[in-house]
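So the chains spell out like this:
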Amino acid sequence: MTPKEKYVESNLARFLHYWVSFVTGAGSFVIMSLSLLDYMVTPSNFKLFLIYRILAASSIFLIYLVNKRTINKNAHHFFTIASAIIVTTMVALMIAKFGGHRSPYFAGIMLSIIYIVAFTPLNVRMSIIASFIMYGIYLIPILIYDTISDKPFFINANVFILSTILSLILMRYLMHQRFVSELSLQYDLEEKSRHLEVYSLQLKSMVDDRTRELSKSTKWHEALFENATDGIVVLNRDGII
C-alpha cells in the first residue's frame, strides 16, 4: 500500500469512527423516541413493543460505548452491521406481531436502511451488504410465516424498500468517491507543503552558511589590512586613489 493509500485509509477509518459513534449514540435515542407511534398505531402491543425498543436501544448504546474506544475500519464495519441487524430484527418482530405483510411498520425498515446507509460512510460493498441483510430480515420471515393476501400492498412496500436501497447505494458510491478524491488531493497538498518546508529549511541553512563564510572573509581581510607591514593603496579603474 502506498503512503497516499495509507493516508486515505487512515482518514476514512477516523471518519467512519466518528459517524458510527453518532449513528449508534443518536440511534438509541431515536428508537426510544418513536415508541409514542406504537401507542398511536397499536395500543394493544405498546408494552411488548416498548420491551423490544428498550432491548434494541440498550444493545445499540452498548455498541456506541465499545466503538468509542477503538479506531479500526473492520471493527466499525462490524458494529454497523450489528446495529443494522439489531434494529431490523426489532422492526421485523413488530411486523410479525402487527399486520405481517400488510404492516405499516415496513416504513421502519426503510427508516433503518436510510439511517444506516445514508449517515454511515461505508464503502459501496459494505453498504450493499448492510442494505440487503436488513431487507432479508424483513422479507424472509414474511415469506415463511405469512400468507400474502394483499399482494398490491406487499409489492408496493417492497418496491419502496428496494428503491430506497438502490438510491442510497448510488448516493453512497458518489459520496465515497468524492471523499476519497478530496483526501487524495489533501494528501498531495500536504506533501507539497512538507517539501516546500524542507526546501525552505535547506535554503535558510545555505544562507546561514554563506553568511558565516562572508563574515569570516570580511574579518580576514580586515585583519590583513590592519596588520599589513607594507603600504596599501586602493585605486579605481581611472587610477585615482
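This text gives an overview of the structure that appears in the document. (Residues numbered from 1 in each chain as written. Predicted model: local features only at pLDDT ≥ 70, side-chain atom pairs only at ≥ 80, totals over all residues. Heavy atoms only, no water.)

Before going further, it helps to spend a moment on the overall build of the protein. When helices and strands are counted, the protein shows seven helices and zero strands. Shown N-terminal to C-terminal, the secondary structure of the protein runs as helices and strands in the order α-α-α-α-α-α-α. Whereas a compact globule of 241 residues would reach a radius of gyration of roughly 18 Å, the protein reaches 34 Å, over 25% beyond that. Taken along the three principal axes of its C-alpha coordinates, the protein extends 120 × 30 × 30 Å. Taken across its 241 residues, the protein has 34% of its residues classed as buried. For the protein, the proportion of contacts with a sequence separation of at least 24, taken over those separated by at least 6, is 74%. Counting every atom, the protein has about 15,300 Å² of accessible surface; 66% of that belongs to carbon and sulfur. When the 22 positive and 17 negative side-chain charges of the protein are each reduced to one mean point, those points stand 16 Å apart. (Helix = DSSP H or I, 4+ residues; strand = E, 2+ residues; numbered from the N terminus. Rg over C-alpha atoms; globule rule 2.2 N^0.38 Å. Buried < 20%, exposed > 50% of the residue type's maximum accessible area, 1.4 Å probe, protein only. Contact = heavy atoms within 4.5 Å. Areas by Shrake-Rupley, 256 points an atom, 1.4 Å probe, with all protein chains shown as cover. Lys, Arg positive; Asp, Glu negative; His and termini not counted. Charge placed at Lys NZ, Arg CZ, Asp CG, Glu CD.)

What follows concerns the packing of helix α6 (residues 124–145) against helix α7 (residues 151–226). Where α6 meets α7, the axes come as close as 9 Å, and the angle between the chain directions of the two elements is 170°. Relative to α7, the element α6 lies roughly antiparallel. On α7, the residues touching V124, S127, I128, S131, F132, Y135, Y138, L139, I142 and L143 of α6 are F154, A157, N158, I161, L162, I165, I169, R172 and Y173. (Axes fitted to C-alpha atoms, helices over the stretch in contact; angles between N-to-C directions. Parallel < 35°, antiparallel > 145°, perpendicular 65-115°, else oblique.)

Given a rise of 1.5 Å per residue, 31 residues ought to cover 45 Å, and the 45 Å separating the end C-alpha atoms of helix α1 (residues 3–33) matches this to within 8%. Of all the bends in α1, the greatest measures close to 25° and is centred on G27. (Expected span 1.5 Å × (residues − 1). Bend = angle between axes of the 7 residues up to and from the residue.)

What follows deals with the environment of I129. Here I129 shows up in helix α6. Along the primary structure I129 and T89 are separated by 40 residues, whereas in three dimensions their C-alpha atoms are 16 Å apart.

It is a probe the size of a water molecule, rolled over the atoms, that shows where empty space is left. Taken as a whole, the largest pocket encloses approximately 440 Å³ of empty space. Along the wall of the largest pocket there are 24 residues; nearest its centre are L34, R53, G108, L111 and S112. Only α1, α2 (35–41), α3 (46–67), α4 (73–97) and α5 (106–119) provide two or more residues apiece to the lining of the largest pocket. Among the elements that take part in the lining of the largest pocket, α5 stands out by supplying six residues, more than any other. Residues of the lining of the largest pocket, tallied by class, amount to 17 nonpolar, five polar and two charged. By volume, the second largest pocket amounts to about 240 Å³. (1 Å grid on protein atoms, 1.4 Å probe; cavity = no way out; pocket = protein on both sides within 12 Å on 5 of 7 lines; lining within 4 Å. Points joined across faces, edges and corners; volume = space filled by probe spheres on them. Nonpolar A, V, L, I, M, F, W, Y, C, P; charged D, E, K, R; others polar.)

Another point: the pattern of salt bridges. Here the structure, examined in full by the defined rule, presents nine salt bridges. Between R53 and D38 there is a salt bridge whose closest N-O contact spans 2.5 Å. Here R53 is found in helix α3, whereas its partner D38 is found in helix α2, with 15 residues between them in sequence. Here R212 makes a salt bridge to D209, at a shortest N to O gap of 2.2 Å. Taken together, the positions of R212 and D209, both in helix α7 and three residues apart, correspond to about one turn of that helix. Owing to a relative accessible area of 48%, R212 belongs among the partly exposed residues under this scheme. The class of D209 is partly exposed, set by a relative accessible area of 31%. (Salt bridge = Lys/Arg side-chain N within 4 Å of Asp/Glu carboxyl O.)

Now for a nonpolar patch on the surface. There is a patch of nonpolar side chains on the surface, built from L36, L37, Y39, M40 and V41 and spanning about 530 Å² of accessible area. Topologically, Y39 is positioned in helix α2. (Patch = residues over 30% accessible without salt bridge, like charges linked within 9 Å, V, L, I, M, F, W, Y side chains within 5 Å.)

Right, let's talk about α3 for a bit. Look at α3: 31 Å from first C-alpha to last across 22 residues, which is about the 32 Å you get at 1.5 Å a residue. Every buried residue belonging to α3 is among F49, Y52, R53, A56, A57, I60, I63 and N67, and all of these are buried. The arc enclosing the buried residues of α3, seen along the axis, measures out at 125°, which places them on a common side. Opposite the buried face of α3, at more than 90 degrees from it, the exposed residues are K47, L55 and L62. Looking at the buried residues of α3, the elements they touch are α1, α2 and α4. (Arc of directions from axis to C-beta.)

Keep in mind these numbers describe shape, not what the thing actually does.
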